[in-house]
Amino acid sequence: MSLLDIRGLTTAFQTERGEITAVEDISFSLEEGEILGIVGESGSGKSVTALTVMGLLPSPPARIASGSVRFAGQELVGLSDRQMQRIRGPGIAMIFQEPMTSLNPVFRIGEQIMETIRAHERLSPRALRDRAVRMLEKVGIPSPARRMDDYPHQLSGGQRQRVMIAMALACNPRLLIADEPTTALDVTIQAQILDLLMDLRDEFGMAIMIITHNMGVVAETADRVMVMYAGRVVEQAPVETLFDAPLHPYTRGLLDCVPSLSAEKPRLVAIPGSLPEPSRRPSGCRFRPRCGLAVPACAAAIPPLDPQGPAHHVACIRATAEVPA
Amino acid sequence: MSETGALKLEAALAEPEAEPGRRHPGWATLRRLFRHRLFVTGLVLFGIIAFMAAAAPWITDANPNRLSMRNKFLPPGGDWVMGTDNFGRSLWSRVVWGARLSVIIGISVVALNAVFGTLIGAAAGYFRRLDNVLMRVNDALMAFPAILLAIGVTAMLGPSTANVILALGIVYIPRTARIVRASVIVLREMEYVQAAVAAGAGHWRILRHHILPNAMAPMIVQLSFLFAYAVLSEATLSFLGLGAVPPTPTWGNIMAEGRDFMRDAPWIIAIPGVTLMITVLGLNMLGDGLRDVLDPRLRIQQ
Amino acid sequence: MTRPLVEAVALRKHFTLGGGGLFRRPGETLRAVDGVDLRIMPGETLGLVGESGCGKSTLGRLLIRLIEPSDGQVLFDGTDITGLSPARLRATRRAMQIIFQDPYGALNPRMAVEDIVMEPMVIHGARPDAASRQRVAEMLDLVGLPRRAALRFPHEFSGGQRQRIGIARALVLKPSFIVCDEAVSALDVSVQAQIVNLLQDLQREMRLTYLFIAHDLSVVRHISDRVAVMYLGRVVEIAPKAAIYDAPMHPYTQALIAAVPAPHPAGRAARRAARLRVEGEMPSALNLPPGCRFHTRCPFAMEVCRSVPPPLREYAPGHMTACHLHDPQHRPATLEEAAA
């Protein structure tokens, strides 16, 4: 049994102009200790997927239109807020892009970490404090016992993200969802945080779902990758396969259009056009208007996510077509 | 494919993004406003009062000051729709003409604020050197409770309609200036303003084309609430005998005169009171609606 | 040797924080740019990289005098623009423009695209007539937008399209020098490449000189001829891009490059183990460390680094760095010795 198993999940939002689907019919699973990278650009639905799993989407306007989310065998769709609170923390924890907005500015960080632990476990004040200090130490905060009494604004951006991670890990979650955890950070700090996540995975053995728009972050961390476009999964593969033999034209485009640090490219291969707004998605394959391989049949129906190799799934009827010279 | 050819293709493909036609962003705002229930209700309520004020000479047959001692203290109904007061004057006429005065004062105070509040606020927000001086004067004026300051000013200048307008202007302009200043400070740092500076634009051009048009939204919201405050404050002042000089009818002095007869002729005080309430309620609903649509940031804070 | 198009001489920008007001107390000084010498040659693209808060954006704005320097000079085509009269400055502004990061904040939401692109022309005396509209149409062609875009408003466009509008506005006066301040950083990666290609095409067609400010080292490598690295208000290394990326001299440059995630997962565990890591984060520009500003994080810091600020010196043709490790006077025999 997979740790997380999502089948046919569709999440919709009520807007002024009617209902739009942010995430449409996505299915994937995550094993214990595995790192899954979810890659996509703005409007791909990657963050909504994470928030749906966490049960953190405000409803209304959001609504799970169909599908199931099973965590460790338990169905999460339809759980009450109260039941969901028991899953968050020891079950699933999450860290966000901007740690400043996720930490309460008027409480000391130590207090915030202890609060998280207290919500799920009964410990003596002494044991509680020891555990919080140990968590800060684990995430690499220097002189943790003293920093316990700091307020969030006294920390730098990278340290705040470390504190967020300490809070997320305080209850030993089995799954950690990291939504663009390094996007707001400078590159040297990004490297520190990614290293930390990898070290913690090795130590605690939790599964990680890392959501990013940065192919490099995926290449550094993920075991398996899922690429999303305009609310749907277009490709899913083990990380080496995805980078060596990407099949979906969008994945190929994403890999080609970023300049490389090591090799010179005379000119970047751009993907023409821009991402469709949810209300103006084209018929059939959503990438069709921007795709160099599109044929009339692409407009007929949304291509299903079909197996193309070991653990490799692609939603494209032209996946095996040659790229025109 | 040539370089420019590729660009054309990209642009053509990106086309479905935008719909044809020149659509000023204002149109969408207007459509959202008229779908906003609070705004529409407020507009209707205030519209009734504004109509009464505008049409006063035609919808009242009687001079509001015509005495008719035979007909004093008549209750509403009958020949006098809203009854008469202690001098037998038609309350309907007096309340309608009072509405005219309230609306005139409201418009004048709003206009004064729109001009001087914007000028002071924009100058303080845009020219950092002026900021300190202007805002300290502002703060000093704002340190007094609004109504006390208005009472003080009118007591000093003497009761008259013009002095009420002046007093309310002095009281509220600092408040408007603060709001304008706050948005100007934010807008001054916008990149499109920086782009205009980089292109060589002068201060006047930047203020007129880039800052003031974008500072309008919070300003309009503030002015709609200000209208309500002005009407309410005017009523308070004339209730205290500091507004327009009787016999000119204002809601405030009608109520002041009716106060002595509250037991026997409660309608004298109730009718202008309810009209005042409807006006203020309507304007506040209008302002809330405007705020929700024009300035959604504020809704979250409230 | 040709004359540089833009030259910064001992350029400084200090901001005073906290002070001011009626009850003035001494404010803290933030040294955003603290003594920068820089030359940008005609037709080249100089990349400028560094972490947030290093002063790169302030430097970009100083070079086109969007903000006033506290000290030092900016020479544009040989003329010192720091002391120009308002009228002469305005005339000079025709030649230098800026493209911003945020495609949403960079366009006035209440102006139609035509008015946005035409504005610089109007400021410099053109009338908004048929000829000006024709010029706007040509600019839209140039940046790959349909001509009918002219009558629309910014909110009707996607991020990439807005960036094209901002580029059209920057180029309408045919400038020679453009500061691209994180011009592609806010865009989706699939759109980013379009704008990078557009900037390169335009540079070729209009013989533009770019200062390309970005935190993304891969994009900077792709677009630049030379690259300057900034740390806490100073340029710590400047060199042709091949030298910067293949043989970086300053430990900070080395750490920056090592921190960029690799484009392929192969061998990532080994890479992680071997990577030059820097600990901690950049100190605040309010409270600068003495000596070399990087010594608090530098794995090779020596005694001299804690007290003497290293000068920016040329150690190979065109390759300058500010680091004692390369100075024969202080240089340790081997890097291992330095690390010890």
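Residues numbered from 1 in each chain as written. Chains lettered and ligands numbered in written order. Predicted model: local features only at pLDDT ≥ 70, side-chain atom pairs only at ≥ 80, totals over all residues. Heavy atoms only, no water.

**Q** Break down the overall build of chain A for me, with residues and values.
**A** Counting secondary structure elements, chain A contains 11 helices and 12 strands. For 325 residues, the compact-globule estimate of 2.2 N^0.38 gives 20 Å, and the C-alpha radius of gyration of chain A, at 21 Å, lies within 12% of that figure. Along the first, second and third principal axes, the C-alpha atoms of chain A reach 70 × 50 × 40 Å. Here chain A holds 325 residues, and 56% of them are scored as buried. Once local pairs closer than 6 in sequence are excluded, the contacts in chain A between residues at least 24 apart make up 65%. (Helix = DSSP H or I, 4+ residues; strand = E, 2+ residues; numbered from the N terminus. Rg over C-alpha atoms; globule rule 2.2 N^0.38 Å. Buried < 20%, exposed > 50% of the residue type's maximum accessible area, 1.4 Å probe, protein only. Contact = heavy atoms within 4.5 Å.)

**Q** An account of the interface of chain C and chain A is requested, with residue identities and associated values reported.
**A** Taken together, the contacts link 40 residues of chain C with 49 residues of chain A. Counting the surface lost from both chain C and chain A, the interface buries some 3,700 Å², and carbon and sulfur atoms represent 50% of this. Interface area lost by chain C to chain A is led by C:Arg268, C:Arg272 and C:Glu281, which between them contribute 17%. Joining chain C to chain A, the criterion identifies six salt bridges. The salt bridge involving A:Asp195 is made with C:Arg275; its shortest N-O contact spans 2.8 Å. Linking chain C with chain A are 25 residue pairs in polar contact (both at pLDDT 80 or more), by the criterion used here. Of all the secondary-structure elements, those providing two or more residues to the side of chain C that touches chain A are helix H6 (189-206), helix H7 (217-223), helix H8 (241-246), helix H9 (251-259) and helix H10 (268-274) of chain C. Among the elements that take part in the side of chain C that touches chain A, H6(C) stands out by supplying eight residues, more than any other. Counted by class, the side of chain C that touches chain A contains 18 nonpolar, nine polar and 13 charged residues. (Buried area = accessible area lost by both parts, 1.4 Å probe. Salt bridge = Lys/Arg side-chain N within 4 Å of Asp/Glu carboxyl O. Polar contact = N/O pair within 3.5 Å; in protein donor to acceptor, adjacent residues only side chain to side chain. Nonpolar A, V, L, I, M, F, W, Y, C, P; charged D, E, K, R; others polar.)

**Q** Outline the side chain of C:Thr92, supporting the account with residue identities and numerical values.
**A** Residues and elements named next belong to chain C. With respect to the secondary-structure elements, Thr92 resides in helix H2 (residues 86-93). With a relative accessible area of 17%, Thr92 lands in the buried category. Within the local environment of Thr92, its side chain forms a polar contact with the backbone oxygen of Arg88, the two atoms lying 2.7 Å apart. With residues up to four places along the chain from it excluded, the contact list for Thr92 reads Phe76, Ile81 and Leu84.

**Q** Explain a nonpolar patch on the surface to me, using residue names and the numbers behind them.
**A** Residue and element names in this part refer to chain B. Taken together, Trp27, Leu30, Phe34 and Leu43 make up a surface patch of nonpolar side chains, about 440 Å² in accessible area. Examining the composition of the nonpolar patch, we find that three residues originate from one element, helix H2 (residues 25-34), more than from any other. Inspection of the secondary structure puts Leu30 in helix H2. You can call Leu30 partly exposed: its relative accessible area is 39%. (Patch = residues over 30% accessible without salt bridge, like charges linked within 9 Å, V, L, I, M, F, W, Y side chains within 5 Å. Areas by Shrake-Rupley, 256 points an atom, 1.4 Å probe, with all protein chains shown as cover.)

**Q** Help me get a handle on the packing of helix H11 (residues 251-258) of chain B against helix H12 (residues 267-294) of chain B, residues and values and all.
**A** Residues and elements named next belong to chain B. Their axes nearest at 8 Å, the elements H11 and H12 cross at an angle of 150°. Judged by the angle between their axes, H11 and H12 are roughly antiparallel. Considering only the axes of H11 and H12, their crossing is left-handed. Residues Trp251, Ile254, Met255 and Gly258 of H11 pack against Ile268, Ile269, Pro272, Gly273, Thr275, Leu276 and Thr279 of H12. A class-by-class count of the residues in the contact of H11 with H12 yields seven nonpolar, four polar and no charged. (Axes fitted to C-alpha atoms, helices over the stretch in contact; angles between N-to-C directions. Parallel < 35°, antiparallel > 145°, perpendicular 65-115°, else oblique. Left-handed = near helix turned anticlockwise from the far one by under 90°.)

**Q** Explain the packing of helix H10 (residues 203-239) of chain B against H11(B) to me, using residue names and the numbers behind them.
**A** Residue and element names in this part refer to chain B. Contact geometry for H10 and H11: axes closest at 7 Å, N-to-C directions at 40°. As far as their axial angle goes, H11 and H10 are oblique. Every pair of crossing elements has a handedness; the one defined by H10 and H11 is right-handed. Residues Val231, Ala235, Ser238 and Phe239 of H10 pack against Trp251, Gly252, Asn253, Met255 and Ala256 of H11. In terms of residue class, the contact of H10 with H11 is built from six nonpolar, three polar and no charged.

**Q** Which residues make up the sheet that holds strand E4 (residues 71-76) of chain C, and what values do they have?
**A** All names here are of chain C. In space, the four strands of this open sheet follow the order E2-E1-E4-E5, with antiparallel pairing throughout. The open sheet has two free edges, formed respectively by strand E2 (28-40) and strand E5 (79-80), since each of these has just one partner strand. By the bridge criterion, 10 bridges tie strand E1 (residues 6-17) to E2 in an arrangement that is antiparallel. Bridge pairing links Leu17 to Glu28 in E2. Lying on the sheet, helix H1 (residues 56-63) is in contact with E1, E2 and E4; it crosses E1 at an angle near 120°. (Pairing = 2+ DSSP bridges.)

**Q** So what about the environment of B:Leu141? Which residues, and what values?
**A** Residues and elements named next belong to chain B. One can find Leu141 in helix H6 (residues 128-142). Taking the C-alpha atoms as reference points, Leu141 and Gly243, separated by 102 residues in sequence, lie 21 Å from one another. Contact partners of Leu141, with chain neighbours within four places excluded, come to Leu149, Ile170 and Pro174.

**Q** Give me the lowdown on the nonpolar core, citing residues and values where you can.
**A** Of all hydrophobic cores here, the largest spans 111 residues; its most connected members are C:Leu63 and C:Phe177. Of the residues forming this core, the biggest block, six residues, is contributed by H6(C). Apart from residues no more than four positions distant in its own chain, C:Leu63 is found in contact with C:Val6, C:Ala8, C:Leu11, C:Ile40, C:Val74, C:Ile81, C:Met96, C:Phe177 and C:Leu211. Among the nonpolar cores identified, the runner-up in size contains 67 residues, and B:Val109, B:Val180, B:Ile206 and B:Ile269 belong to it. (Core = buried A, V, L, I, M, F, W, Y, C linked by side-chain atoms within 4.5 Å.)

**Q** Help me get a handle on helix H4 (residues 130-142) of chain C, residues and values and all.
**A** Structurally, the α-helix is built with 3.6 residues per turn, so residues lying three or four positions apart point the same way. Residues and elements named next belong to chain C. In a regular helix each residue adds 1.5 Å, so 13 residues correspond to 18 Å; H4 covers 18 Å between its end C-alpha atoms and thus fits that length. Along H4, the residues classified as buried are Ser132, Arg135, Val136, Ala137, Met139 and Leu140. Against helix H3 (113-123) and helix H5 (159-171) lie the buried residues of H4. After H4 finishes, the residue Gly144 shows a positive phi value of roughly 80°. (Expected span 1.5 Å × (residues − 1).)

**Q** Break down the packing of aromatic side chains for me, with residues and values.
**A** A full pass over the atoms with the stated rule returns 11 aromatic pairs over all chains. With a centroid separation of 5.8 Å and an interplanar angle of 90°, the aromatic rings of B:Phe34 and B:Phe39 are classed as edge-to-face. Judged by relative accessible area, B:Phe39 falls into the buried class, the value being 6%. Three or more aromatic residues joined by ring pairs form one cluster here, namely A:Tyr229, A:Tyr250 and A:Phe287. (Phe/Tyr/Trp six-rings, centres within 6.5 Å; stacked < 30°, edge-to-face > 60°.)

**Q** Just give me the short version of unusual backbone geometry, but keep the residues and values in it.
**A** Where the residue is not glycine, phi is negative for most of them; where a peptide bond is considered, it is trans in most cases. Of the consecutive residues B:Pro246 and B:Pro247, the connecting peptide bond is found in the cis state with omega at 10°. One non-glycine residue, C:Ala10, lies in positive phi territory at about 45°. Checked against the element boundaries, C:Ala10 lands in strand E1. Take C:Ala10: its relative accessible area is 30%, and that puts it in the partly exposed class. Although it is not a glycine, C:Lys174 sits at a positive phi angle of roughly 50°. Note that C:Lys174 resides in the loop between H5 and strand E7 (177-181).

**Q** If you had to explain the pattern of salt bridges to someone new, which residues and values would you point to?
**A** Applying the stated criterion to the full structure yields 48 salt bridges over all chains. One salt bridge in this structure joins A:Arg286 and A:Glu24, with 3.0 Å as the shortest N-O distance. One end of the pair, A:Arg286, is in the loop between helix H11 (249-257) and strand E11 (306-309); the other, A:Glu24, is in strand E2 (residues 18-30), and 262 residues separate them in sequence. Here A:Arg286 matches A:Glu24 in class, with each residue buried. Put simply, B:Glu257 and B:Arg89 hold a salt bridge, and the shortest N to O gap is 2.8 Å. Residue B:Glu257 is found in helix H11, and its partner B:Arg89 is found in the loop between helix H4 (56-59) and helix H5 (91-126); the two are separated by 168 residues along the sequence. Accessibility expressed as a relative area gives 22% for B:Glu257, which makes it partly exposed.

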